Amino acid sequence: EPEVLPARLPNLLLNGAAGIAVGMATNVPPHNLTEIVEAVAYLIDQMVAPEGDQIDEDLQGVTVQDLLRIVKGPDFPTGGLIVGTDGIAQAYATGRGRIVMRAKMHIDSTAEGRHRVIVTEIPYQINKTGIIERIAGLVREGKLDSISDLRDESDRQGLSIVIELKRGAQPRTVVNQLLKYTALQSTFGVQMLA
């Protein structure tokens with residue numbers, strides 16, 4: 001556990017890190033630059049006493065809750081949603097935690113009265129091709145029997161996986177099944193170890 005970070009900015013938090021060395025695993029998620037800079041500035045401000053001449057290098061008065069008001073949580077580059085904040089708070093307080101990530105999806109209606117689910121953001125470190133193959137496999141196995149077509153319409157504007165539903169299918173039920181059986185909902189095991 002380093003007492004002094006050897007940089008003006010904590011790159012380990014900004015870029016994230018993953019790896020195993022000497023029996024210890026590291027899995028640090030990436031964070032937002034603005035939030036980290038504001039947190040560093042807050043810590044510097046707390047080191048200087050109101051009189052301006054005393055320096056408290058131990059930062060005894062700063063709590064995890066103080067920093068959580070500034071750093072809301074990880075900032076995953078693939079987007080998606082973080083479900084709940086308990087895992088984030090636990091990871092920052094103890095160094096270990098589980099963050100539940102979920103894909104960003106919305107339901108569209110077609111002119112024929114059918115529905116389709118469109119995935120626009122996926123969880124961090126999840127392969128788009130793997131998700132499409134998994135959904136296709138579940139359709140073949142009969143676990144997802146409400147899906148009629150599956151297309152990857154991703155382009156320069158961004159990710160777009162279109163899941164066409166059969167007539168009369170309940171779109172909310174299909175979304176719940178997708179979250180249950182595929183990596184559209186997954187966890188990130190945080191280990192803040194340097």
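Procedures and definitions
- Residues numbered from 1 in each chain as written.
- Predicted model: local features only at pLDDT ≥ 70, side-chain atom pairs only at ≥ 80, totals over all residues.
- Heavy atoms only, no water.
- Helix = DSSP H or I, 4+ residues; strand = E, 2+ residues; numbered from the N terminus.
- Rg over C-alpha atoms; globule rule 2.2 N^0.38 Å.
- Buried < 20%, exposed > 50% of the residue type's maximum accessible area, 1.4 Å probe, protein only.
- Contact = heavy atoms within 4.5 Å.
- Areas by Shrake-Rupley, 256 points an atom, 1.4 Å probe, with all protein chains shown as cover.
- Lys, Arg positive; Asp, Glu negative; His and termini not counted.
- Charge placed at Lys NZ, Arg CZ, Asp CG, Glu CD.
- Pairing = 2+ DSSP bridges.
- Axes fitted to C-alpha atoms, helices over the stretch in contact; angles between N-to-C directions.
- Polar contact = N/O pair within 3.5 Å; in protein donor to acceptor, adjacent residues only side chain to side chain.

Draft legend 1. Seen up close, the overall build of the chain. When helices and strands are tallied, the chain shows six helices and nine strands. A globule of 194 residues ought to have a C-alpha radius of gyration of about 16 Å, yet the chain, at 22 Å, is considerably larger. Counting only C-alpha atoms and orienting by the principal axes, one finds that the chain spans roughly 75 × 40 × 30 Å. Classification of the 194 residues of the chain by burial places 31% in the buried group. When contacts within the chain are restricted to residue pairs at least 6 apart in sequence, those whose partners lie at least 24 apart make up 56%. Carbon and sulfur atoms make up 50% of the accessible area of the chain, which totals about 12100 Å². Between the mean site of the 19 positive side-chain charges and the mean site of the 24 negative ones, the chain shows a separation of 15 Å.

Draft legend 2. Local environment of the sheet that holds strand S8 (residues 161-165). Spatially, the four strands line up as an open sheet ordered S5-S6-S8-S7, and their pairing is antiparallel. Among the strands making up the open sheet, the edge pair consists of strand S5 (104-109) and strand S7 (147-152). Neighbouring strand axes in the sheet, compared pairwise and without regard to direction, differ in orientation by 20° on average. Bridging between strand S6 (residues 115-121) and S8 involves four bridges; their strand directions are antiparallel. The residue bridging Val 119 from the neighbouring strand is Ile 161, located in S8.

Draft legend 3. The environment of Lys 166, seen in detail. Within the secondary structure, Lys 166 sits in the loop between S8 and helix H6 (171-181). On the basis of relative accessibility, which here comes to 41%, the residue Lys 166 falls in the partly exposed class. Those residues in contact with Lys 166, other than ones at most four positions away along the chain, are Asp 145, Ser 146, Ile 147 and Ser 148. A polar atom in the side chain of Lys 166 sits 3.0 Å from the backbone oxygen of Asp 145.

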